[in-house]
Amino acid sequence: MAQMTDAEMRAFLLEGTRTGKLATTRADGRPHVVPIWFVLDGTTLIFTTGLDTVKAANMRRDPRVAFCVDDQAPLYSYVTIEGTATLIQDAPDMLDWATRIGARYMGAEQAEAFGRRNAVPSEALVRVVPTHIIAERDIAAWG
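Residues numbered from 1 in each chain as written. Predicted model: local features only at pLDDT ≥ 70, side-chain atom pairs only at ≥ 80, totals over all residues. Heavy atoms only, no water.

Undergrad: Explain the environment of Thr-80 to me, please; I cannot follow it from the model alone.
TA: With respect to the secondary-structure elements, Thr-80 resides in strand E7 (residues 77-89). Its relative accessible area of 22% is what places Thr-80 among the partly exposed residues. The spacing of Thr-80 and Thr-48 is 32 residues in sequence and 19 Å in space, taken between C-alpha atoms. If near-sequence neighbours (up to four positions away) are discounted, Thr-80 is found in contact with Phe-67, Cys-68, His-132, Ile-133 and Ile-134. (Helix = DSSP H or I, 4+ residues; strand = E, 2+ residues; numbered from the N terminus. Buried < 20%, exposed > 50% of the residue type's maximum accessible area, 1.4 Å probe, protein only. Contact = heavy atoms within 4.5 Å.)

Following this line, the structure appears as structure tokens:
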């Protein structure tokens, strides 16, 4: 097992169509974990969410989140990020970010349609600024 460098971590997070698993806390203290599509702005995680979702309500009440991306192939690697989320309604750059997310997960042909579908008043842009990061590669290695 070895820690990833910043460059390795960024490449790992942006490889292919890996989804992130976002953890928030419900009002009664129960955890809530959902898969999300995301991109990066520097080290800030960017994704969109409906304003009426459980995760949006949780982040409005308590902006602390945890986020994990893993590689399920041997020798296994992962990045876990704890951070603070900000929900932005009517973000002026919402269409740009939603289109970038669409390009990553749906391909260039569908990116614009995905962006337009998600850059609507009922959606928010979410920016997660990391406060703590663990990035490990080859966790099943020994010797």
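Once you've had a look at it, read on.
Undergrad: I'm lost on the packing of helix H3 (residues 94-106) against helix H4 (residues 108-118) in this one. Help?
TA: Describing two packed helices takes the angle between their axes plus the distance from one axis to the other. In the contact formed by H3 and H4, the axes pass within 7 Å of each other and the chain directions differ by 140 degrees. The pairing of H3 with H4 is recorded here as oblique in orientation. For H3 against H4, the interelement crossing comes out right-handed. Contact residues: H3 offers Met-94, Leu-95, Ala-98, Thr-99, Ile-101, Gly-102, Ala-103 and Met-106, while H4 offers Ala-108, Glu-109, Gln-110, Ala-111, Glu-112, Phe-114, Gly-115, Arg-116 and Asn-118. When the residues that make up the contact of H3 with H4 are grouped by side-chain class, the tally is nine nonpolar, five polar and three charged. (Axes fitted to C-alpha atoms, helices over the stretch in contact; angles between N-to-C directions. Parallel < 35°, antiparallel > 145°, perpendicular 65-115°, else oblique. Left-handed = near helix turned anticlockwise from the far one by under 90°. Nonpolar A, V, L, I, M, F, W, Y, C, P; charged D, E, K, R; others polar.)

Undergrad: I tried to follow the packing of aromatic side chains on my own but got confused; where do I start?
TA: In this description, an aromatic ring pair is defined by two values, namely the gap between the centres and the angle between the planes. The tally for this structure, following the rule as stated, stands at three aromatic pairs. Their ring planes at 5 degrees and their centres at 4.9 Å tell us that Trp-37 and Tyr-105 sit as a pair that is stacked. Here Tyr-105 lies in helix H3 and Trp-37 lies in the loop between strand E3 (31-36) and strand E4 (39-41), a separation of 68 residues in the sequence. By relative accessible area, Tyr-105 is classed as buried at 11%. Aromatic pair Trp-37 and Phe-114: ring centres 5.3 Å apart, planes at 35 degrees, arrangement tilted. Of this pair, Trp-37 sits in the loop between E3 and E4 while Phe-114 sits in helix H4; the two residues are 77 residues apart in sequence, bridging distant segments of the chain. (Phe/Tyr/Trp six-rings, centres within 6.5 Å; stacked < 30°, edge-to-face > 60°.)

Undergrad: How do you make sense of helix H2 (residues 54-61) when you look at a structure like this?
TA: Turning to H2, its buried residues number three or more, namely Lys-55, Ala-56, Asn-58 and Met-59. Buried residues in H2, looked at end-on, bunch into an arc of 165 degrees, giving them a common side. (Arc of directions from axis to C-beta.)

Undergrad: I keep staring at a nonpolar patch on the surface and nothing clicks. Help me out?
TA: A cluster of nonpolar side chains, namely Met-1, Tyr-76 and Ile-139, defines an oily patch on the protein surface of about 300 Å² accessible area. Tracing the backbone through its elements, the reader meets Met-1 in the segment before strand E1 (2-3). According to the relative accessible area criterion, Met-1 is exposed, its value standing at 61%. (Patch = residues over 30% accessible without salt bridge, like charges linked within 9 Å, V, L, I, M, F, W, Y side chains within 5 Å. Areas by Shrake-Rupley, 256 points an atom, 1.4 Å probe, with all protein chains shown as cover. Salt bridge = Lys/Arg side-chain N within 4 Å of Asp/Glu carboxyl O.)

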